[in-house]
Amino acid sequence: MSAPAPAVPGQALNGHNRISTQALTSLAKAAAAHEFGVDAQDVRADWADDDGLLALSLVTPIRVPPLRAAMEPGRIDLVGGSIWQRTVQAKSRILATVTELSGASLSRVDIRISGARISEGGRVQ
């Protein structure tokens, strides 16, 4: 007869856990989509080995305000900064989100912006 599973949450059990590449990819795409205000299906995520850690490469569009609104004084700061600033800030947040939710060790996140999605409501995430 086998012993019952421990009743203490978080207690280690023998065995191993694996998170599939597909699950990690879906998580990375969702994190990037959230940061850039786009649909996850519009984000492409690829993985590479970086000396035993995972390197994440993303290709994604970014949500931006209409040009006429973006040209208003102070408007760029209200939407989180320039595309460059928002992309730099998103790197650390995406890395933290994917690491926290998956437990995977990421070395870096590389982002290439592939296009812009105009925010008709004037609000950018």
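Above this text is the structure in question.
Here the structure is a predicted model, which means the values were calculated and not measured.

Thresholds, definitions, all that
- Residues numbered from 1 in each chain as written.
- Predicted model: local features only at pLDDT ≥ 70, side-chain atom pairs only at ≥ 80, totals over all residues.
- Heavy atoms only, no water.
- Pairing = 2+ DSSP bridges.
- Helix = DSSP H or I, 4+ residues; strand = E, 2+ residues; numbered from the N terminus.
- Buried < 20%, exposed > 50% of the residue type's maximum accessible area, 1.4 Å probe, protein only.
- Contact = heavy atoms within 4.5 Å.
- Expected span 1.5 Å × (residues − 1).

Engineer: Which parts of the structure should I look at to understand the pairing of strand S2 (residues 53–64)?
Structural biologist: Note on strand geometry: in a regular strand, side chains alternate between the two faces of the sheet. As paired strands, strand S1 (residues 44–50) and S2 are joined by seven bridges and run antiparallel to one another. Residue pairing in the sheet places Ala 48 in a bridge with Ala 55 of S2. As consecutive antiparallel partners, S1 and S2 are separated by two residues, and within that stretch Asp 51 has a phi angle of approximately 55°, a positive value. Sheet analysis places S2 next to strand S3 (residues 106–118), joined by eleven bridges and oriented parallel. For Val 59, the partnering residue across the bridge sits in S3 and is Arg 112.

Engineer: It is not clear to me how the environment of Leu 106 should be interpreted in this structure. Could you clarify?
Structural biologist: Mapped onto the secondary structure, Leu 106 falls in strand S3. Residue class for Leu 106 comes out buried when judged on its relative accessible area of 10%. Counting along the chain gives ten residues from Leu 106 to Ala 96, while the straight-line C-alpha distance between them is 8.9 Å. For Leu 106, the contacting residues outside a window of four places in its chain are Trp 47, Leu 53, Leu 54, Leu 56, Leu 95, Val 98 and Thr 99.

Engineer: Explanation requested: helix H4 (residues 83–102) in the structure shown.
Structural biologist: One full turn of an α-helix is made of 3.6 residues, so residues set three or four places apart face in the same direction. Taking 1.5 Å per residue, 20 residues should reach 28 Å; H4 reaches 27 Å between its end C-alpha atoms and fits that length. If you check which residues of H4 are buried, you get Arg 86, Thr 87, Ala 90, Ile 94, Val 98 and Ser 102. Packed against the buried residues of H4 are helix H1 (21–36), S1, S2 and S3. Looking one or two places after H4, you find Gly 103, whose phi comes out positive at around 80°.

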